[in-house]
Amino acid sequence: MTTKEDILDQTSWHAVDRARVESILDTDPQGLSWAEARGRLARYGPNQLSEVPAPSNLAIFLHQFTSPLISILLVAVVLTIFLANYVDTVVIGVVLVLNAVIGFVQERQAEVSVRALMRLAAPRARVIREDREWEVESRDVVPGDVVLLESGTRVPADLRLTATTALMVDESLLTGESVPDVKQTTVLDSRVPIVERTNMAYAGTIVTSGRGRGYVVATGGATELGAIAEEVRGTQQVETPLERRVARFARIIALATAIIAVLAFGLGIVRGESLTQMFLVAVALAVAAVPEGLPIAFTVTLAIGVRRMAGRNAIIRRLSAVETLGSTSTIGSDKTGTLTENRMTVFRAWSGGRSFALPAAEDTGPNRMERSPEVLLAEDDPLSLTLLAGVLTNESQIYLTEDGYRTEGDPTEAALLIAAAQMGIEPEDARDALPITAEFPFEPDLRYSATGRKWGENHVIFVKGAPERVLSMCDWMLTKDGPVPIDPELTRGAAEDLASQGLRVLGMAYRVLPGHLSLTEILAEPESLTFLGLQGMMDPPRPGVREAIAGCQGAGIRVIMITGDHARTAQSIARDLGIAGEDARVLTGVELEEMGYSALREQVREVSIYARVTPEHKLRIVQLLQSHGEVVAVTGDGVNDAPALNAADIGIAMGKSGTDVAREAADLILADDNFVSIYAAVEGGRVAFDNLRKVTFFLTATNVAEVLAVLAALALAWPLPFLPAQILWLNLVTEGFQDVALAFEPADPDVLKRPPRRRRQGILSGLLWERTAVAGLIMALGTLLLFRNELDLTGSLQQAQTMALTTMVLFEAFQLANARSESGSVFRTSLLSNPFLLIAALGGLAIHVAALYLPPTQYLLRVQPLDLAAWGQIILVASSILVAMELHKLLRRSRQQVSPWLAR
């Protein structure tokens, strides 16, 4: 059985006439009764979107324990409890809690807890009920209500318009189109996309000018805004490349740990050792194989990356997203408000047969010559009168503040006011000097507006509108030599030339009439006008965006534009910004709809400009790019961007002009709304990953050394060179200072010259795995050499283990310097570029030296003091790692000259 709700949901309201709308909604122009409104409110629910509760503090804290590396440490905790090694249990437990606290604090600070969707609802709405006008809370608006709209109000629900007077609505929040939509009441085809439904007004959009009324056809979650919100919630958040890499690395560690433990256990049993003893040895090896300090080092490194990015106006909401921009291979950018300023600006004018470039808003200065409108009219200057006509047929307001111009009203008309002000024509002075006597507001069907102004004993009528409409009213054209018969071919050609540049073009004309005439009928059908000129405007690119895009392209990142705006406008902006060439193809939403999956999947590899797209199209483009293995970042500021922001590998929202819905869906928020900051964030992401890689290499190499040393001792039937507590000491205390210091490493000089990392590339490259094996082998051999020598000389196992432990501590200090660069020599890298490194190395060594001489740590670690001779041997052997790594880097550099691909 079809319910009333089903009928409302299934009706294409833009394709239904007024009588049918009233029939379906059971309403009329006098509005609902209060009793009926209350009944519908109970039936359909409040006109608000359901809230998504912010994650609790407990949920955020527990989320810190979901990393695969943390899971391995949790297993280690269980094992140490089972073996009654409670000191190890406490040490690992402290590491786990500290890691969770750091991650919790960072993510709690970044969590946006505002109710974004609730903010988009208008707080009050004007409705007709019982044939009277009332103001009610927008949450109480119901289907069938008659809603009144006027300039500056936010539309409270989805409306089918029934009356409009010069009504224009800014729908960029939903469609991405920078120009307000002119509204009318004509029935449309049912297949018309949302961006062209001119007889509808949607919840959350803003009336920029005019007046209107309409019937409420959808409220709350049933609105277009509500549908997008539900789509955002239904889009699963994508696992970041770093999360995938960490998970893969953790699987490698877990598998290697299991193999090593089983191998050691088997070796011991073959040698005739007891099961209990070999189980303890296997646990010790497992502890040696797991880099216990890695999770906290990762968290600190990412937190430092967050802080660095915040200093460059990029706010990260999720720690693991820090690195994602460094892996990004494609950025899909919204146009309006992201690449452009989201304000219309007049760039060019054409008058008197000549083309003019107008100054930008920031070019206004104290030397500007101000001119009165009376003088302008007397001078008959075509350009000045073209600008004056834009001021006098205009309902917007302009104010000059310390921060520049502030405008109110329709963005297109505001642009005309600013253009005139740049040229010395003060709008308010002009309006006062030539008072209005009659006006004809803009009508979509007629495509022009007109005003009559008093000029001495005469009237002056000014007309502004679509060029072809204005030209049809003109017999003359004003030139520097006075009026001449109009040349239709010349003027049409000028309008087409401006339009081909992606500009929105308006034509201006005027006529002087005797003061005794009535202007009402004349303004309704102007004729015999003198054509003044054209003004071409567009939403300009943000300063520095072109350079930022070029920088991204230099870093191997492809930038594409995905917008709801017109194809020609999108193409013009993309061309100006260097996103695409002159003849680049623009793929529209209609064409995208008609393409099959395979065809579109191939097109997304080539096409860089998408115009007239819906939120569903944008989401589809992102997912198809990801199917090619691309790491996709998407920028946006409107509600329409939220689904794609949520589905992308990293969503980037605007912090100032963007909607809260977009910010809630994003991983990164630009505090300054500037695409330029993305370029800085790319660098920050790459630096963060480089440092993660350095930390991982440092810790993994020392762990490999520990494992090799223990396995070799087992194979040779030697005593163990390390106790489990000593291995934890190495992994958590001495290394704990040093690995964190690597998180502060500055950017490598070539960080933005390298191509993005491949999606399947691991944390450690093939080169670093190779170097890890070499470094581990050198450190294990050096440690075993001194361990065996000390054991043979003194016969004291505790003394020999102290020697081995201290040797590994010194190896760590020298290996720290090696980890700073994959290819650069340690002797060419200044310690002053990262002072934390020297402090960490000396600090870790100082703590270990203190542990050798303090009774409490001597007892816990089973260590003894060392004499100067022993220290001399240790320093000599441990420094060999510097020589070994320098030789390896030299060899790899030589191979890179022969085969760059093989070297990577």
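See the structure shown above.
Basis of the calculations
Residues numbered from 1 in each chain as written. Predicted model: local features only at pLDDT ≥ 70, side-chain atom pairs only at ≥ 80, totals over all residues. Heavy atoms only, no water. Axes fitted to C-alpha atoms, helices over the stretch in contact; angles between N-to-C directions. Helix = DSSP H or I, 4+ residues; strand = E, 2+ residues; numbered from the N terminus. Parallel < 35°, antiparallel > 145°, perpendicular 65-115°, else oblique. Contact = heavy atoms within 4.5 Å. Nonpolar A, V, L, I, M, F, W, Y, C, P; charged D, E, K, R; others polar. Buried < 20%, exposed > 50% of the residue type's maximum accessible area, 1.4 Å probe, protein only. Pairing = 2+ DSSP bridges. Arc of directions from axis to C-beta. Salt bridge = Lys/Arg side-chain N within 4 Å of Asp/Glu carboxyl O. Phe/Tyr/Trp six-rings, centres within 6.5 Å; stacked < 30°, edge-to-face > 60°. Lys NZ or Arg CZ within 6 Å of the ring centre and 35° of its normal.

**Structural notes on the packing of helix α22 (residues 545-554) against helix α23 (residues 567-577)**
α23 packs onto α22 with a crossing angle of 70° between their chain directions and a minimal axis gap of 9 Å. The angle between the axes of α22 and α23 places the two elements in the roughly perpendicular class. Along its contact with α22, which presents Val545, Arg546 and Ile549, the element α23 presents Arg575, Asp576 and Leu577. Looking at the contact of α22 with α23, its residues break down into three nonpolar, no polar and three charged.

**Digging into the pairing of strand β3 (residues 146-150)**
Extensive coverage of β3 is indicated by the burial of four of its five residues. Across three bridges, strand β1 (residues 124-129) lies against β3 in antiparallel orientation. Bridging from a neighbouring strand, Val127 pairs with Val147 of β3. Pairing of β3 with strand β7 (residues 206-218), which is carried by five bridges, proceeds in the antiparallel orientation. When the sheet's bridge partners are listed, Leu149 is paired in β7 with Gly212.

**Here we look at the sheet that holds strand β8 (residues 314-316)**
Ordered by their spatial adjacency, eight strands build an open sheet running β8-β26-β25-β24-β9-β21-β23-β22, and the pairing between neighbours is mixed. At either end of the open sheet lies a strand with only one pairing partner, and these are β8 and β22 (586-588). Neighbour to neighbour, the strand axes of the sheet diverge by 20° on average, direction disregarded.

**Comments concerning helix α35 (residues 868-878)**
Among all positions of α35, only Ala870, Trp871, Ile874, Val877 and Ala878 are buried. With its buried residues spanning 135° around the axis, α35 presents them on a single face. Residues of α35 that are exposed and angled more than 90 degrees away from the buried face: Leu868, Ala869 and Leu876.

**A closer look at the pattern of salt bridges**
On inspection of all chains with the given rule, the structure shows 23 salt bridges. Here Arg139 ties to Asp140 by a salt bridge, and the two come within 3.9 Å at their closest N and O atoms. By relative accessible area, Arg139 is classed as partly exposed at 33%. A relative accessible area of 24% places Asp140 in the partly exposed class. Across the pair Asp792 and Arg788 runs a salt bridge whose closest N-O atoms are separated by 2.8 Å.

**Considerations on unusual backbone geometry**
The backbone of Ala717 shows a phi angle near 60°, a positive value even though the residue is not glycine. Considering the arrangement of structural elements, one finds Ala717 in the loop between α29 (676-715) and α30 (724-742). For Ala717, a relative accessible area of 48% corresponds to the partly exposed category. With a phi angle near 60°, Arg862 is a residue other than glycine that sits in the positive phi range. Residue class for Arg862 comes out partly exposed when judged on its relative accessible area of 36%.

**Some details on the packing of aromatic side chains**
Considering all chains together, one arrives at five aromatic pairs under this definition. Between the aromatic rings of Phe440 and Tyr448, the centroid separation amounts to 5.2 Å while the plane-to-plane angle is 10°, which identifies the pairing as stacked. Each of the two residues, Phe440 as well as Tyr448, counts as buried. Seen from their ring centres, Phe744 and Phe836 are 4.2 Å apart, and the 25° between their planes marks the pair as stacked. In this pair, Phe744 sits in the loop between α30 and α31 (766-794) while Phe836 sits in helix α33 (residues 835-853), placing the two residues 92 residues apart along the sequence. Its end group placed over the ring of Trp718, Arg788 keeps NZ or CZ at 5.0 Å from the ring centre.

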